[in-house]
Amino acid sequence: MNMGFGKIKNLISSKQSTIKGAAIILIITVFLSRILGLIRDRLLAGFFGAGIELDSYFAAFRIPDLIFNILFAGGIIVSLLPIFAEYQKKDEKESWKIINTMINFFIVSFLVFSTFFFIFTPQIISSTISSFPPEAQEATVILSRMIFISVLFFGISSVLSTILNYFNRFVAYSLAPIFYNLGIIFGVVFLAPHWGIYGAGVGVIIGSLAHLLIQLPSAIKCGYQYEFTLKLRHPAIKNLFTLMLPRAIAASASQINFIVATSIAASIGAGAISVFYFSNNLRYVPIGIIGVSFATAAFPVFSKLWAEEKREEFCKSFTSVFLQTMYVALPIGFLIFALRQPIVATILQTGQFGISSAEITAACLGMYVISTFAQCLVPILLRGFFSLKDTITPTAIALVFVVISYFLSIFFANLFQENIYVANIVKSIFGLNGTVNFGVLGLVFGFNLALLSEFLLLIIYFYKKIGDFGIKKMTISFIKMFAASLIMAISSVFILFFIQNSIDPILINLIHLPEIVYILFDLCLTSSIAIIIYIIITSIYGCKEVDFYKDCVLKKLKIRK
């Protein structure tokens, strides 16, 4: 048993030496984390439904998340990693003092912010969700205070993540979100039956603590030892704050955008916040699995190539990772649109989360076809800027994004709610039958257009920054992948219709199983056929990314060296 435990410890602390190896580890673990995230959302939906109680839970995250991003999360890894790497090479002992200074600075800052926040939570919450009834506002205040405790654990964990990224210990780093989701699941399953929505809040605290503890042993193995030091006048710390400030502003801008969206959703009606966040969580699954994984794995290589003034190799590496990500991201966005209803039915439609809630959530999820591929590519573009040590440009774009998102969300929320012609068009596109809240659909539509505009601005200014990095090649590849994705999506609709009306009735007569089993079967079979169609079409179009993924699979199967 000790040998088995030792093997697990060694696996968690293992080192990955290539982008491909790191990306595979990250994709697998992020995939598991996202699956657990979907299970978490299914449990929340089934237990509480899309109502005011769950609205309070989602709204409670907004201010703690904002403060977390102001303090630390905005740019800790992308800002601290290059500085830590520099000092590791020239003065290892000093590099660890920098790490401990950042941890201690965060702890002190947290204590100051938490005192202020705990005193003024009622006033802060009432100003952001004034349309909530008094009892819902009170629940949001209590949940916000509970969730704020997790900020401390996540802050320390962020610094440890920097250490693990530098030493290529991606297993422990990528396991952290898995344990976070397990904590929330524990809270919903075992605590919510006794404490209601507050049980889920306790689960957040447990999960955030687990997020920290799973990374700590690997960080210690890399050489980290805690000591109380606070050298804020250290040149590296001053440089770090200079780099972090723009990223903190950018990350805070993103959280402010979600606060605004939450406020708009709260004014639309009960359940609108839950629908918005459930659909947003579902659309973020491919972004987290694909975009973030590739970007995280590629970032150290991008930074090294640019630092060594190997511009041509940098552009080649960037373009390669960009196209490899786009090859997967485009069809997934279209596939989510085509299969939105069985996806939502499988993941969320249970218990208190009924058919009407599933219908509106599926429509909101379908809206994200506009921006899913772009948002999978945004993390790579951001890492490109960070490799150039340019945090100001992405920050400026993030602030512009907040403004665009606010006006578009307000405009389309009102338009969808008040214009009967627009409502009828939306009904026909998404096949809506019942009475739905069109305001939340307008909110999601405006949010999507803003997300797409953010991507376009990033790619335009990245081009201005480094010149041509293969735009023509990317455009041609995009056209091929887009056409293949569109054909695949149209085919998926007909395939799903055929399975539901021809194969399912036969299976139901032969085997009596719960309805969700057949929905899941339809989803898996349709997706599998759709992926094969996409691969065939892109192979015919001559997309080189097909060979990249084919080689990855063959090497894993040890068919090709």
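Here's what I pulled together on the structure shown here. (Residues numbered from 1 in each chain as written. Predicted model: local features only at pLDDT ≥ 70, side-chain atom pairs only at ≥ 80, totals over all residues. Heavy atoms only, no water.)

1. Observations regarding the overall build of the protein chain
If you tally the helices and strands in the protein chain, you get 22 helices and zero strands. Scaling as 2.2 N^0.38, a compact globule of 561 residues should have a C-alpha radius of gyration of about 24 Å, and the protein chain matches this with 24 Å. Seen along its three principal axes, the alpha-carbon backbone of the protein chain occupies a region of about 70 × 60 × 55 Å. The buried share of the protein chain, taken over its 561 residues, is 56%. Contacts in the protein chain between residues at least 24 apart in sequence constitute 84% of all its contacts with a sequence separation of at least 6. Of the side chains in the protein chain, 40 bear a positive and 26 a negative charge, and the two mean positions are spaced by 10 Å. (Helix = DSSP H or I, 4+ residues; strand = E, 2+ residues; numbered from the N terminus. Rg over C-alpha atoms; globule rule 2.2 N^0.38 Å. Buried < 20%, exposed > 50% of the residue type's maximum accessible area, 1.4 Å probe, protein only. Contact = heavy atoms within 4.5 Å. Lys, Arg positive; Asp, Glu negative; His and termini not counted. Charge placed at Lys NZ, Arg CZ, Asp CG, Glu CD.)

2. Here we look at the packing of aromatic side chains
Tallied over the full model, the rule gives 48 aromatic pairs. Ring geometry for F84 against Y166: centres 5.3 Å apart, planes inclined by 85°, an arrangement best described as edge-to-face. Here the residue F84 occupies a position in helix α5 (residues 76-90), and Y166 occupies one in helix α7 (residues 134-166), the gap between them amounting to 82 residues. Take F84: its relative accessible area is 0%, and that puts it in the buried class. The structure contains a cluster of three or more aromatic residues connected by ring pairs, namely Y57, F58, F61, F258, F276, Y277, F278, F353, F401 and F447. The ring centre of Y87 lies 4.5 Å from the NZ or CZ of K90, which sits over that ring. A cation over an aromatic ring shows up here: K464 above the ring of Y461, its NZ or CZ 4.8 Å from the ring centre. (Phe/Tyr/Trp six-rings, centres within 6.5 Å; stacked < 30°, edge-to-face > 60°. Lys NZ or Arg CZ within 6 Å of the ring centre and 35° of its normal.)

3. Here's the deal with a nonpolar patch on the surface
A cluster of nonpolar side chains, contributed by V108, V112, Y226, F228, L230 and L232, occupies part of the molecular surface with about 580 Å² of accessible area. Mapped onto the fold, L232 is located in the loop between α10 (216-221) and α11 (235-268). A relative accessible area of 34% means that L232 is categorised as partly exposed. (Patch = residues over 30% accessible without salt bridge, like charges linked within 9 Å, V, L, I, M, F, W, Y side chains within 5 Å. Areas by Shrake-Rupley, 256 points an atom, 1.4 Å probe, with all protein chains shown as cover. Salt bridge = Lys/Arg side-chain N within 4 Å of Asp/Glu carboxyl O.)

4. A closer look at the nonpolar core
For soluble globular proteins, nonpolar side chains are generally found buried alongside one another. Y57, F276, F322 and L441 are the most contacted members of the largest nonpolar core, which totals 167 residues. Residue contributions to this core peak at 18 residues, all from helix α12 (residues 272-307). Ignoring any residue separated from it by four or fewer positions in sequence, one finds Y57 in contact with L44, L143, I147, I184, I197, A200, G201 and V204. Residues L36, I178, I185 and I214 belong to the second largest nonpolar core, which totals seven residues. (Core = buried A, V, L, I, M, F, W, Y, C linked by side-chain atoms within 4.5 Å.)

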